Amino acid sequence: GEDEDARTLTDRLAELGGRMAVQTLDLIEAGQARQVGQDHAKATYCKKLKKEDGRIDWSRSAREIHDQVRALTIWPGSFTTRNGKIVKVLRTRVVEADSDAPGKPGQIVNLREGFVRCGAGTLKLEQVQPEGARAMNWKDFVNGSSIKEGDSFD
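To start, this report covers the structure provided alongside it. (Residues numbered from 1 in each chain as written. Predicted model: local features only at pLDDT ≥ 70, side-chain atom pairs only at ≥ 80, totals over all residues. Heavy atoms only, no water.)

### Brief notes about the environment of Phe115
Inclusion rule: Helix and strand definitions follow DSSP, with helices as H or I runs of at least four residues and strands as E runs of at least two, each counted in order from the N terminus. Whether two residues are in contact is decided by their heavy atoms, any of which lying within 4.5 Å being enough.
Within the secondary structure layout, Phe115 lies in strand 4 (residues 115-117). If near-sequence neighbours (up to four positions away) are discounted, Phe115 is found in contact with Val95, Gln107, Ile108, Val109, Asn110, Thr122, Leu123 and Lys124.

### With respect to the pattern of salt bridges
Put simply, the test is: Criterion for a salt bridge: a side-chain nitrogen of Lys or Arg within 4 Å of a carboxyl oxygen of Asp or Glu. Classification of residues uses two cut-offs on accessible area relative to the type maximum, computed with a 1.4 Å probe and protein chains only: under 20% is buried, over 50% is exposed, and between them is partly exposed.
Taken as a whole, this structure holds 12 salt bridges when the rule is applied. Note that Glu15 is salt-bridged to Arg19, the shortest N-O span being 3.4 Å. With Glu15 and Arg19 both in helix 1 (residues 6-29), this residue pair falls four residues apart, about one helical turn. Under the relative-accessibility criterion, Arg19 is labelled partly exposed at 45%. Between Glu126 and Arg91 there is a salt bridge whose closest N-O contact spans 3.4 Å. Within this pair, whereas Glu126 is found in strand 5 (residues 122-130), its partner Arg91 is found in strand 2 (residues 85-96), the two being separated by 35 residues in sequence. Through salt bridges with shared partners, a single ionic network connects Arg63, Asp67 and Arg70.

### Details of the environment of Ala62
Following the sequence through the fold, Ala62 ends up in helix 2 (residues 62-71). Ala62 sits 37 residues away from Ser99 along the chain, and the two C-alpha atoms are 9.8 Å apart. Apart from residues no more than four positions distant in its own chain, Ala62 is found in contact with Val94, Glu96, Cys118, Ala120, Gly121, Thr122 and Leu123.

Function-wise, these values are silent; they only describe arrangement.
Laid out in structure tokens, this is it:
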């Protein structure tokens with residue numbers, strides 16, 4: 001889905017996989033299972049993820065950053081920095097995919113709504129976790145910090 005993340009996908013696939021395992025065991029027991037080899041031409045390799053893979057590059061598009069946040073929910077998580085402190089980005093939404101709105105990548109262009117300018121488009125930060133604090137919605141983050149409209153994430 002458009003806003004499905006790694007955690008919800010893992011849960012959904014675990015349920016489907018469990019049902020498929022039972023069906024497959026039933027087919028094996030009945031002697032009706034058939035083997036299908038992997039198409040090695042379509043197989044891909046994914047490198048092991050490192051913590052640094054979660055760093056947000058604000059020059060990327062809002063869609064790419066949103067997808068990064070969704071994909072890395074379980075590990076390593078997505079993060080940015082502000083004044084040398086880590087801010088984990090837990091949930092986002094693409095507001096404008098392709099816009100030429102003013103502001104530079106990483107700049108907060110609407111403080112109240114949590115809109116951050118990206119290389120292309122604008123991203124809404126819905127849930128964040130400042131270093132040393134609990135996860136919180138954007139409004140609570142703003143209320144508990146000295147952040148201002150026009151400030152930027154690194």
